[in-house]
Amino acid sequence: MLSNISHYLNRFKASLQIDQTIRDGVAEELYTHLEEKTQELEKKGLSKEEASKIAVQSLGSPELIAQQIYETHAQGSWKEALFSALPHLLVALLFTSYYWQNIIYASLIVVLTVGIAIYGWQRGKPVWLFPWLGYYLMPVVITGILLLSLPRSWGWIAALIYIPLALFVFIHIVRQTARRDWLYASLMLAPILVTFSWFSSLGTGNEFLMDSMWWASLQANALWIVISFIALAGATIAFIRLKPRRYKIISLLIPPLVISFSAIATSRGSIHPWGWLILLFSLFAFATPVWMQARAQG
Amino acid sequence: MNYGRELLKGNTDSLLLYLISREPTYGYQIVKELEKRSNGYFQFKEGTLYPALHRLERDNLITGKWQILPNGQQRRYYYITTKGQQVLARRLATWQDFSTAVKSVIQAETT
């Protein structure tokens, strides 16, 4: 049977969706507090059971402490919020100035994104990392799609080797992120959902990037794409700055879903089957962490 | 809402900063010290102390360090930072001005 203290700490940990190091640190502090109080009460003649029960009661609701600790650590600074939104703004800039047509600018942004994502991953995964990580994962998925566009036999051979490897990397990063906080996984996958919504809705060509109609459509919709990424940047800033978890979920879920459904609506239903597959994959990947979070709380 | 509780809520950070400025201390000792110094007037759910300590640490007013005691037990001691000392000095000055002003108003009324 669990002791009063263990039961209390388990309730506390289960209620606190936060970086594991912080959660374990606070739990350890509460544990030393409870132990010390219990020992003091035992010296006054109470039994261990009675003493630990009173110690636990005097600390108050573990769920309330967890909520207050979460709100203390959940709100990022303005600097963190702006740095988190920066990759979305860089992508918006690519489209505003048609820089995406310039291989040097586009490559610079890819290298910068990958570099910052690796740097953040090695520096203890700060909250600003996750949107950058989303863009880091994008080439992994796009390469898989491009491989499928190769001449039939070559395409399948490449895909059979590459796709399992890419899926392994993708799932590994999502799992590592979700272990920190389910919501960070959705924050990371939001740009993937928005990008692939546009990617799929812009044309019906059998070979996405090879189709001239697809490129023309991309150019025609550049302004809406820019607005989408600016909206995503706004949603990211709101997510980082808001304290209550429910507001974070709203700010995280609604903008990307509205953007992706709007992008799909512009296609008027003329999405290639591969496009639907990519869309469903990114929608599933984006929504699953929030659903898991709801299930964990429910 | 209880007025005393509201007053305590509004001044918790200053009280914690003051106690930590006197000597590095830890959660349970702070609770006991607050109760002792206020003759039992300040009583609250002890768990609410930890979010307050973490808030002060997030704002770089205090810093926490784990220490292992000779008996193997671990405690997280809190130390005031330079920024914390400056903030505390400003708050104490403001509080003293406020307290003097309140006393002056009340004394003027009662004398």
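This structure is a prediction, so every number in the text was calculated from the model and none was measured.

Chemist: Go over the overall build of chain A with me, naming the residues and quoting the values.
Modeler: A count of helices and strands for chain A gives 13 helices and zero strands. In sequence order, chain A lays out its α and β elements as α-α-α-α-α-α-α-α-α-α-α-α-α. Each of the three principal axes of chain A carries a C-alpha extent, and together these read 85 × 40 × 35 Å. For chain A, the residues scored as buried account for 34% of the 298 residues in total.

Chemist: Provide a residue-level description of the overall build of chain B, including the pertinent values.
Modeler: Secondary structure assignment for chain B yields four helices and two strands. When the helices and strands of chain B are listed from N to C terminus, the series reads α-α-α-β-β-α. Across its three principal axes, chain B shows a C-alpha extent of roughly 60 × 30 × 25 Å. At a minimum sequence separation of 6, the contacts of chain B that also span at least 24 residues come to 49%.

Chemist: Describe helix α3 (residues 48–59) of chain A, and please don't skip the residues or the numbers.
Modeler: Residues and elements named next belong to chain A. Given a rise of 1.5 Å per residue, twelve residues ought to cover 16 Å, and the 17 Å separating the end C-alpha atoms of α3 matches this to within 8%. Within α3 the residues assigned to the buried category are Ala51, Ser52, Ala55, Val56 and Leu59. Seen along its axis, α3 keeps its buried residues to an arc of 130°; they face one direction. Away from the buried face of α3 by more than 90 degrees, exposed residues Glu49 and Gln57 are located. Structurally, α3 contributes buried residues whose contacts are with α1 (4–15) and α2 (20–43). One or two steps after α3, the chain reaches glycine 60, where phi turns positive at roughly 95°.

Chemist: I'd like to hear about the interface of chain B and chain A, residue by residue, with values.
Modeler: Contact residues are listed per partner, giving 15 residues for chain B and 15 residues for chain A. If you list the elements that add at least two residues to the side of chain B that touches chain A, you get α2 (27–37), α3 (49–58) and β2 (74–80) of chain B. Counting residues per element, the side of chain B that touches chain A draws most heavily on α3(B), at five residues. In the side of chain B that touches chain A, the residues fall into three nonpolar, six polar and six charged.

Chemist: Tell me about the packing of helix α1 (residues 3–22) of chain B against α3(B), and please be specific about residues and values.
Modeler: All names here are of chain B. It is the contact of α1 with α3, at a shortest axis distance of 10 Å, that shows an interaxial angle of 75°. When the interaxial angle is binned, α1 and α3 end up roughly perpendicular. For the pair α1 and α3, contact is made by Thr12, Asp13, Leu16 and Leu17 and by Ala52, Leu53 and Leu56, respectively. Within the contact of α1 with α3, the residues separate by chemical class into five nonpolar, one polar and one charged.

Chemist: Please provide a residue-by-residue account of α3(B), values included.
Modeler: Here α3(B) has its buried residues at B:Leu49, B:Tyr50, B:Pro51, B:Leu53, B:His54 and B:Leu56. The elements touched by buried residues of α3(B) are α2 and α4 (62–74) of chain A together with α1, α2, β1 (62–68) and β2 of chain B. Where α3(B) terminates, the next one or two residues include B:Asn60, which has phi positive at roughly 60°.

Chemist: Pulling in residues and values, what's your account of unusual backbone geometry?
Modeler: Residue and element names in this part refer to chain B. Backbone geometry at asparagine 39 places phi at a positive 55°, although glycine is not the residue there. With respect to the secondary-structure elements, asparagine 39 resides in the loop between α2 and α3. Here asparagine 60, not a glycine, exhibits a phi torsion of approximately 60°, which is positive. Mapped onto the fold, asparagine 60 is located in the loop between α3 and β1. By the C-beta count within 10 Å, which is 12 here, asparagine 60 ends up exposed.

Chemist: Quick one: what's the story with the domain arrangement of chain A, residue by residue and with numbers?
Modeler: All names here are of chain A. Under the domain assignment, chain A is made up of domain 1 (4–71) and domain 2 (76–297). A straight line from the C-alpha centre of domain 1 to that of domain 2 covers 41 Å. Each side of the interface is counted separately: domain 1 has six residues, and domain 2 has five residues. For the side of domain 1 that touches domain 2, the class distribution of residues is two nonpolar, two polar and two charged.

Chemist: Lay out the nonpolar core with the relevant residues and their values.
Modeler: The tendency in soluble globular proteins is for nonpolar side chains to be buried side by side. Formed by 51 residues in total, the largest nonpolar core has its most connected members in A:Leu133, A:Leu187, A:Leu189 and A:Leu193. The set of elements that each furnish at least two residues to this core consists of α5 (78–96), α7 (129–148), α8 (152–180), α9 (182–201), α11 (222–241), α12 (245–266) and α13 (273–297) of chain A. If one sorts the elements of this core by residue count, α9(A) sits on top with 14 residues. The contacts of A:Leu133, once residues within four sequence positions are left out, are A:Ala117, A:Ile173 and A:Met188. Among the nonpolar cores identified, the runner-up in size contains 33 residues, and A:Leu9, B:Leu17, B:Tyr50 and B:Leu61 belong to it.

Chemist: Can you lay out the packing of α2(B) against α3(B) for me, pointing to particular residues and giving the numbers?
Modeler: Residue and element names in this part refer to chain B. One can describe the packing of α2 onto α3 by two numbers: an axis separation of 11 Å at closest approach and a directional angle of 110°. With respect to each other, α2 and α3 are oriented roughly perpendicular. By crossing handedness, the relation of α2 to α3 is classed as right-handed. Across the interface between the two elements, Gly27, Ile30 and Val31 from α2 touch Leu49, Tyr50 and Leu53 from α3. The residue makeup of the contact of α2 with α3, split by class, is five nonpolar, one polar and no charged.

Chemist: Could you give an account of the environment of A:Leu253, with specific residues and numbers?
Modeler: Turning to its location among the elements, A:Leu253 is positioned in helix α12. On a C-alpha basis, the gap between A:Leu253 and A:Leu202 in space is 23 Å, while along the polypeptide they are 51 residues apart.

Chemist: Pulling in residues and values, what's your account of the pairing of β2(B)?
Modeler: Residues and elements named next belong to chain B. Note that β1 and β2 share seven bridges and pair antiparallel. Within β2, the position partnered with threonine 63 by the bridge is tyrosine 79. Between β1 and β2, which pair antiparallel one after the other, the connecting turn spans five residues, and glycine 72 there sits at a positive phi close to 90°.

Definitions and limits used
Residues numbered from 1 in each chain as written. Chains lettered and ligands numbered in written order. Predicted model: local features only at pLDDT ≥ 70, side-chain atom pairs only at ≥ 80, totals over all residues. Helix = DSSP H or I, 4+ residues; strand = E, 2+ residues; numbered from the N terminus. Buried ≥ 20, exposed ≤ 12 C-beta atoms within 10 Å, placed from the backbone. Contact = placed C-beta atoms within 7 Å. Expected span 1.5 Å × (residues − 1). Arc of directions from axis to C-beta. Nonpolar A, V, L, I, M, F, W, Y, C, P; charged D, E, K, R; others polar. Axes fitted to C-alpha atoms, helices over the stretch in contact; angles between N-to-C directions. Parallel < 35°, antiparallel > 145°, perpendicular 65-115°, else oblique. Domains from an automatic or database assignment. Core = buried A, V, L, I, M, F, W, Y, C linked by C-beta atoms within 7 Å. Left-handed = near helix turned anticlockwise from the far one by under 90°. Pairing = 2+ DSSP bridges.

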